[in-house]
Amino acid sequence: MSIVVPTFDEAPNLDPLLRALDAALSGIRWQVIFVDDDSPDGTWKIAKQLAATDPRVSCLRRVGRRGLAGAVIEGALASAAPFVAVIDADMQHDERLLPDMLAVLRGGSADIVIASRYLEAGPRIVAGLGARRQWGSRLANWLGRRALAVDLTDPVSGFFMVRRELIDGAAAKLSPTGFKVLFDIISSQPEPPRCVELPYEFRPRLAGRSKLDHGVVAHYLSMLASKLSRDVLSPRAVMFGLVGLTGVGVHLAILKATMPLGGFVDAQFIAAVAAMTSNYLINNAVTYRDRRKRGWALLTGYLRFCLLCAAGLAANLAVAALLQERLGIWWLSGLGGAAVGAVWNYVTTSLAVW
Ligand code: GDD
Ligand code: MN
């Protein structure tokens, strides 16, 4: 069995984890693959020190990239074992469950075994989560069950084991961003996989802090929306669209604030530039978080974004004018123009800015 452990700033946790795995897995042939995204705290150095003396340990250091899901996928693709487990580095997942999970897969009655925080917990508190995360996690799970149409208590668990073929077969379809890699593996199979859940108690994190932040939540929600659209819209397109809506809000707020200072047209211009700027910055921070621009590139990207959006506006006006001339239904012409402009902006900026 290969145990893939994605890591980002987890240096103090590796040694305790390795000891715990060693204690839990006697009699099983296993290896652990740490996949570290060049952590500032030097986690990969610790992992390679451990690997130097223990042949069961290896470490893949990825540079210039970030993402839990991508790290998990690449670790699994480095494995040649029949079974691949995924576990947090921070001791939140109970490694003593691994032999039971392996036994289920070996028995051949399942393709995926999921360690669930909620199978027996019921309304009880999950020890390792704060109050806000409790509700967030339950909501994320509920939404996930709806969108996936699966009957699992914890489809976004970060602790699971699969037959390796499932990842090998779906590798090209899996998204490297976000935290929902299990969800993604399940929904990318040609046939619905047979899943079994086993209960465990989620523990508090040993050292360091969680990397699950608002950006991760935003990604998850846009992925669900993408599934609901039956993959017509990509998660990024959904996010870009939502950011566009915030831009409308910014536009109207600035317009209202600046109108009294001068004429309407000046205010409209200022509002449009403000909305474009905030769209750019939010898209850079959230939609394209994995390719985020900084420093000089942030500025050149901004200039390109403005140029492309100006062209999008021209397309918007042209289409709206044409529709209005042909059909004469003002709201349909307006929406049609806006839709063409939005698609233009999304496609061209995704190609030429990010
Ligand atoms: N390589 C890499 N790159 N590893 C990462 C990254 C990244 O960008 N982000 C997080 N990790 C690693 C962490 O170091 C940790 O080992 C594991 O992935 C999970 O991240 P945590 O920051 O510990 O997440 P959590 O405990 O708050 O979230 C829990 O719930 C999620 C949703 O159910 C975990 O169980 C997650 O695995 C789970 O997806
Ligand atoms: Mn964790």
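Residues numbered from 1 in each chain as written. Chains lettered and ligands numbered in written order. Predicted model: local features only at pLDDT ≥ 70, side-chain atom pairs only at ≥ 80, totals over all residues. Heavy atoms only, no water.

Draft legend 1. Region of the structure containing the packing of aromatic side chains. Summed over all chains, the structure comprises nine aromatic pairs. Geometrically, the ring pair formed by F183 and Y220 is edge-to-face, given 6.1 Å between the ring centres and 80° between the ring planes. Of the two residues, F183 is situated in helix α7 (residues 181-187) and Y220 in helix α8 (residues 214-228); the sequence distance between them amounts to 37 residues. You'll find F183 and Y220 in the same group, each marked buried. Relative to F202, the ring of Y200 has its centre 6.5 Å away and its plane inclined at 70°; by these criteria the two rings are edge-to-face. The pair Y200 / F202 is uniform in exposure class, with both members buried. One aromatic cluster in this structure is built from Y280, Y288, Y302, F305 and W354. It is R61 that lies over the ring of W44; its NZ or CZ is 3.7 Å from the centre. Across the ring face of F8, the terminal group of R66 is positioned such that the distance to the ring centre comes to 3.6 Å. (Phe/Tyr/Trp six-rings, centres within 6.5 Å; stacked < 30°, edge-to-face > 60°. Helix = DSSP H or I, 4+ residues; strand = E, 2+ residues; numbered from the N terminus. Buried < 20%, exposed > 50% of the residue type's maximum accessible area, 1.4 Å probe, protein only. Lys NZ or Arg CZ within 6 Å of the ring centre and 35° of its normal.)

Draft legend 2. A look at helix α2 (residues 43-53). All of the buried residues along α2 are T43, W44, A47 and L50. The buried residues of α2 occupy an angular sector of 120° when projected down its axis, which confines them to one face. The exposed residues of α2 that point more than 90 degrees off its buried face are Q49, A52 and T53. In this structure, the buried side of α2 is in contact with β1 (2-7), α1 (14-24), β2 (31-36) and β3 (57-61). (Arc of directions from axis to C-beta. Contact = heavy atoms within 4.5 Å.)

Draft legend 3. The arrangement of the pairing of strand β5 (residues 112-116) in detail. Of all the five residues making up β5, five are buried; the element is thus mostly covered by neighbouring parts of the structure. Burial along β5 is two-sided: the residues I112, I114 and S116 and V113 and A115 are all buried. The pairing of β5 with strand β6 (residues 160-163) spans three bridges and is antiparallel. Residue V113 lies in a different strand from β6, and its bridge partner there is M161. Across five bridges, the pairing between β5 and strand β7 (residues 195-199) is parallel. Opposite I114, over in β7, you have E197 as the bridge partner. (Pairing = 2+ DSSP bridges.)

Draft legend 4. Geometry of the nonpolar core. Residues I3 and L98 are the most contacted members of the largest nonpolar core, which totals 40 residues. When residues of this core are traced back to their parent elements, those giving at least two are β1, α1, β2, α2, β3, β4 (83-86), α4 (98-107) and β5. In terms of residue count, the dominant contributor to this core is α1 (six residues). Grouped together as the second largest cluster of nonpolar side chains are 23 residues, A69, A71, V84 and V181 included. (Core = buried A, V, L, I, M, F, W, Y, C linked by side-chain atoms within 4.5 Å.)

Draft legend 5. Local environment of the site of ligand 1. What surrounds ligand 1 is a group of 25 residues, the closest being E10, R66, Q92, S210 and K211. In the model, an oxygen atom of ligand 1 is placed 2.7 Å from a nitrogen or oxygen of the R117 side chain. Contact with the protein chains covers 96% of the free accessible surface of ligand 1, which is 730 Å². At the level of secondary structure, the elements contributing two or more residues to the shell around ligand 1 comprise β1 and α3 (68-77). Partitioning the shell around ligand 1 into residue classes produces 10 nonpolar, six polar and nine charged. (Near = heavy atom within 4 Å. Polar contact = N/O pair within 3.5 Å; in protein donor to acceptor, adjacent residues only side chain to side chain. Areas by Shrake-Rupley, 256 points an atom, 1.4 Å probe, with all protein chains shown as cover. Nonpolar A, V, L, I, M, F, W, Y, C, P; charged D, E, K, R; others polar.)

Draft legend 6. Structural view of the domain arrangement of the protein chain. In terms of domain boundaries, the protein chain breaks down into domain 1 (2-210) and domain 2 (235-352). Averaged C-alpha coordinates put domain 1 and domain 2 at centres separated by 39 Å. (Domains from an automatic or database assignment.)

Draft legend 7. Structural detail: the pattern of salt bridges. Applying the stated criterion to the full structure yields 22 salt bridges. One salt bridge connects K211 with E10, and the closest N-O pair in it is separated by 3.0 Å. Placement of the pair is K211 in the loop between β7 and α8 and E10 in the loop between β1 and α1, with a sequence separation of 201 residues. For R62, the salt bridge goes to E74, with nearest N and O atoms at 3.0 Å. (Salt bridge = Lys/Arg side-chain N within 4 Å of Asp/Glu carboxyl O.)

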